[in-house]
Structures are given as structure tokens and as C-alpha cells.
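Residues per chain are reported as follows:
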Amino acid sequence: MQNISSRSFSDKDFGAILTQYSYNLHPGDIIAGTIFYQESKGFLVDVGVHIAGYLPLEEIVLSSSYNQYDLICLVNTTREFFIFAYDKEKHQLLLSIKRLNYIRAWKRIRQLESEDLILYIPIFNINKGGIITILEGLQGFIPRSHLIEFTSYDFMVKRHLPCKILLVDEKNNKIILSHKLALLDLYSDLLKVGMMVYGQIMQIKKYGIFITVYGIPALLHISEISSKYIENINNVFQVGYKIKVKIIHIDMKQARLSVSRREIY
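One structure accompanies this document, and this report is about it.

Calculation rules
Residues numbered from 1 in each chain as written. Predicted model: local features only at pLDDT ≥ 70, side-chain atom pairs only at ≥ 80, totals over all residues. Heavy atoms only, no water. Salt bridge = Lys/Arg side-chain N within 4 Å of Asp/Glu carboxyl O. Helix = DSSP H or I, 4+ residues; strand = E, 2+ residues; numbered from the N terminus. Buried < 20%, exposed > 50% of the residue type's maximum accessible area, 1.4 Å probe, protein only. Pairing = 2+ DSSP bridges. Axes fitted to C-alpha atoms, helices over the stretch in contact; angles between N-to-C directions. Contact = heavy atoms within 4.5 Å. Phe/Tyr/Trp six-rings, centres within 6.5 Å; stacked < 30°, edge-to-face > 60°. Lys NZ or Arg CZ within 6 Å of the ring centre and 35° of its normal.

**Things to note about the pattern of salt bridges**
Logical step 1: For the structure on display, the rule yields 7 salt bridges.
Logical step 2: Here Glu59 ties to Arg99 by a salt bridge, and the two come within 2.9 Å at their closest N and O atoms. Here Glu59 is found in the loop between strand S3 (52-56) and helix H2 (68-72), whereas its partner Arg99 is found in helix H3 (residues 98-115), with 40 residues between them in sequence. Note on accessibility: Glu59 and Arg99 belong to one class, buried.
Logical step 3: For the salt bridge of Asp251 with Arg256, the shortest nitrogen-to-oxygen distance reads 3.9 Å.
Logical step 4: Members of the salt-bridge network, linked through shared partners, are Asp116, Lys164 and Asp185.

**Notes on the pairing of strand S7 (residues 130-135)**
Logical step 1: Within S7, 5 of the 6 residues are buried, which leaves it mostly tucked inside the rest of the structure.
Logical step 2: Taken together, the 4 bridges between strand S6 (residues 119-127) and S7 define a ladder with antiparallel strand orientation. Within S7, the residue paired with Ile126 across the bridge is Ile131.
Logical step 3: Hairpin remark: S6 followed by S7, antiparallel, with 2 residues in the connecting loop.
Logical step 4: As paired strands, S7 and strand S8 (residues 138-143) are joined by 6 bridges and run antiparallel to one another. Residue pairing across strands places Ile132 opposite Phe141, the latter belonging to S8.
Logical step 5: Between S7 and S8, which pair antiparallel in sequence order, lie 2 residues; one of them, Glu136, sits at a positive phi of approximately 55°.

**Comments concerning the sheet that holds strand S11 (residues 196-205)**
Logical step 1: Sheet architecture is closed into a barrel: 5 strands sit in the order S11-S12-S13-S15-S14, paired in mixed fashion. Taken pair by pair, the neighbouring strands of this sheet meet at an average axis angle of 50°, ignoring direction.
Logical step 2: Relative to strand S15 (residues 256-260), strand S14 (residues 242-251) runs antiparallel, the two being bridged by 5 bridges. Residue His249 lies in a different strand from S15, and its bridge partner there is Ser258.
Logical step 3: Sheet strands in contact with helix H5 (residues 179-186) are strand S13 (216-221), S14 and S15, and its direction is about 85° off that of S13.

**A look at the packing of aromatic side chains**
Logical step 1: Taken as a whole and assessed by the stated rule, the structure comprises 3 aromatic pairs.
Logical step 2: Taken together, a centroid distance of 6.4 Å and an interplanar angle of 65° make the contact between Tyr102 and Trp106 edge-to-face. Taken together, the positions of Tyr102 and Trp106, both in helix H3 and 4 residues apart, correspond to about one turn of that helix. Each member of the pair, Tyr102 together with Trp106, is buried.
Logical step 3: Ring geometry for Tyr187 and Tyr214: centres 4.9 Å apart, planes at 25°, overall stacked. Pair noted here: Tyr187 is in the loop between H5 and S11 and Tyr214 is in the loop between strand S12 (208-213) and S13, with a separation of 27 residues, a long-range link.
Logical step 4: A residue is classified by how much of its surface remains accessible, and Tyr214, at 40% relative accessible area, is partly exposed.
Logical step 5: One Lys or Arg, Arg79, reaches over the ring of Phe81 and ends 5.9 Å from the middle of that ring.
Logical step 6: Arg99 extends its terminal NZ or CZ atom over the ring of Phe84, reaching a point 4.1 Å from the ring centre.

**Some words on the sheet that holds strand S1 (residues 30-38)**
Logical step 1: Spatially, S1-S2-S3-S5-S4 is the arrangement adopted by the 5 strands of the closed barrel, whose pairing is mixed. Direction aside, neighbouring strands of the sheet carry axes that sit 55° apart on average.
Logical step 2: Two strands pair when backbone bridges link them, and S1 and strand S2 (residues 42-46) are joined in this way by 4 bridges, in the antiparallel orientation. When the sheet's bridge partners are listed, Ile35 is paired in S2 with Val45.
Logical step 3: Strand contacts of H3: S1, strand S4 (78-87) and strand S5 (92-96), with the helix running at about 110° to S4, the strand carrying the most contacts.

Structure (C-alpha cells):
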């Protein structure tokens, strides 16, 4: 959220100016109005009082860009606005659509978090750390650690990824999502503790084998490979091979599995 303009003033001053009109409007209130005229840097809004309403261009959308045609279409539309300040010199209520949408977006996001839903999120950009996306008009991020591996950049940017909300921090405007948690939910009937599944070997380390099961990473620790001693893992397993394993733990925070082959013969 942007800071209130330096031309803003206290609720007390605001109320004093409106007393002569017998209105009870304050910064932070939501008011209905009709946009009736476009200026070079904003719009005039009829809010039904003797004080004019003004909507600056930068207070229209959450993103930094807007379409000129969409701006023209705003004229003669009636909607709600957020009062964020008052311009003493021009005697105008300063209005915002963006701030109202921001407030409502966070309310919806908190609701989505509480419902623990699977969300299908569009991909807007990819960097070394993960994926930048948009949720309810706000920027979100999917860390690489919560993504399955994709082989094609074009494949990623042209689709919506199923995700779950991992963390929301309204104070710092931070939304973190997880693709792997969504997959765990989607495959919940197939991924349960005690189930036998097949996974593909991705990496072989001295302490164990990393595999993927339906795109979910899993660790087959060296102690869970066999009831017999294995001197060299590489002599038994190879990257790319599929092996049968038993799920022994599901880590919902890290979105990964622990598996075993000790009871598989």
C-alpha cells in the first residue's frame, strides 16, 4: 500500500470540513460514486456530496501498467472507492480503486488460506529462485524448492500450475505458494503411508537415493534400502531407473516423502 499523500490530514480536520454538509466521511471509508470526466492525470467522480471526488491514474490498478482503452471505458461507470486523503487546495476527496482492491484481495487470500484449497495459478515470470505469479491481483512466488522439475520453459509459461498457499504475510506483502503441496493433495489417494509406489531415481548419494513419485521428491535413505548391508549403492542402482518403494512418512511442510525398500522383496 502507498503512503497517504502529504496533503492529507487528520480525521478531526476532515470531519470539520464536512460538518457544514452534514456528512460523516473519513479517510479509510468506502464510498460509492460515478466517474463522469477524464482528465490528463485522473478522473472526476460524483460521490453524491458537495465535495468533488478525484481518482488519480496511479490509484486505479494494482499493477503498474494499464490499458488506455480500459481507462476510457471507466467514464460513466458506478462503483465503490476507497477514500485515502483530502486535497485542501482543490477541495477534493482523493479516491482509490487500487487500495480498495488491495484490501479485498487480502481478505480473499486469507479466506483461501483458511480453506486450504488447490488454486490454479498463472505463471508470469521465471527466475533462478522460482516462479513469479499473480493471486487475486497481487504478486506471489513459488520457490524452486516447492516446484517439480520442468524440461521446457514454454511448457511452464503457457499453463496454470495447481498450488497451495504456503505462507501469507500481509504486513510485508508476501505470498508464498507450493506446487508440490498441491500435488500431494491431488494424489492423496495414491500417496499414503504404507502404500507401495514406483519412483524414478534422480540422484544417488552416499547417504541415500533421491527419487520422484508422481513428481513429488522422496528420499530413500541408505538405512531403508535393504535389511542387508550394501557396500556400494551405485553397484545396485542407476539414475533413471524406476524402483518400487514403500511410503513411510509424508512431510507436508516440505512437501516430500520418505520411502523404504526394507520390506520389499
